[in-house]
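What follows is the residue order along each chain.
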Amino acid sequence: MRAAYLGCLLFSLAGMAVWDHRRRLVFFRDARRAWPVAVGCVAAFLAWDALGIATGTFYRGDSPYMLGVELAPELPVEEPVFLFFLTYLAMNLAAEAREVASR
């Protein structure tokens, strides 16, 4: 059960990739443009997390579903995976909305 959260995140990321592949939305349309956007967004979110951790606003919490490995104090290993999922979801939704609006 310790890796359940990470497993769910990876399963959800696989779903994002399938959606992207089928509709050619983001990475499967132009990966060279998508990667810098995704990495930049994840970096911005991680900076936001660092600020929240430094001010005591964000903390790790305790869950039996997480690995228990921290990249930094109060920053679990699952956090960058979640942030990439969040970014990928937003990118896919925006691209899909653009496609629907153009029809």
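Residues numbered from 1 in each chain as written. Predicted model: local features only at pLDDT ≥ 70, side-chain atom pairs only at ≥ 80, totals over all residues. Heavy atoms only, no water.

### Quick word on the overall build of the protein
So, point 1. Helix and strand counts for the protein come out as three helices and two strands.
So, point 2. Listed N to C, the secondary structure of the protein is α-α-β-β-α in terms of helices and strands.
So, point 3. By principal-axis analysis of the C-alpha atoms, the protein measures approximately 45 × 30 × 20 Å.
So, point 4. A buried classification covers 27% of the 103 residues belonging to the protein.
So, point 5. Long-range pairs, those at least 24 residues apart, make up 68% of the contacts in the protein between residues at least 6 apart in sequence. (Helix = DSSP H or I, 4+ residues; strand = E, 2+ residues; numbered from the N terminus. Buried < 20%, exposed > 50% of the residue type's maximum accessible area, 1.4 Å probe, protein only. Contact = heavy atoms within 4.5 Å.)

### Some points on the nonpolar core
So, point 1. By size, the foremost hydrophobic cluster in this structure holds 14 residues, and its most contacted members are Val26, Phe27, Phe84 and Tyr88.
So, point 2. Of all the secondary-structure elements, those providing two or more residues to this core are helix H1 (4-23), helix H2 (27-54) and helix H3 (78-102).
So, point 3. Ranked by residues supplied to this core, first place goes to H3 with six residues.
So, point 4. Discounting chain neighbours no more than four positions away, the residues touching Tyr88 are Leu13, Met16, Ala17, Asp20, Phe27 and Phe28. (Core = buried A, V, L, I, M, F, W, Y, C linked by side-chain atoms within 4.5 Å.)

### Side note on unusual backbone geometry
So, point 1. The backbone phi angle of Arg24 is positive, close to 50°, even though this residue is not glycine.
So, point 2. Inspection of the secondary structure assignment puts Arg24 in the loop between H1 and H2.
So, point 3. Phi angles above zero are rare outside glycine, and Glu74 is one such case at about 70°.
So, point 4. Residue position: Glu74 is located in the loop between strand E1 (70-72) and strand E2 (75-76).
So, point 5. With relative accessibility at 33%, the residue Glu74 sits in the partly exposed group.

### Side note on the environment of Arg29
So, point 1. With respect to the helices, strands and loops of the structure, Arg29 is situated in helix H2.
So, point 2. Judged by its relative accessible area of 47%, Arg29 is partly exposed.
So, point 3. Arg29 sits 17 residues away from Ser12 along the chain, and the two C-alpha atoms are 20 Å apart.
So, point 4. Non-local contacts of Arg29, meaning those with residues more than four positions away in its chain, are made with Arg24 and Glu99.
So, point 5. Reaching out from Arg29, the side chain makes a polar contact with the backbone oxygen of Arg24 at a distance of 3.2 Å. (Polar contact = N/O pair within 3.5 Å; in protein donor to acceptor, adjacent residues only side chain to side chain.)

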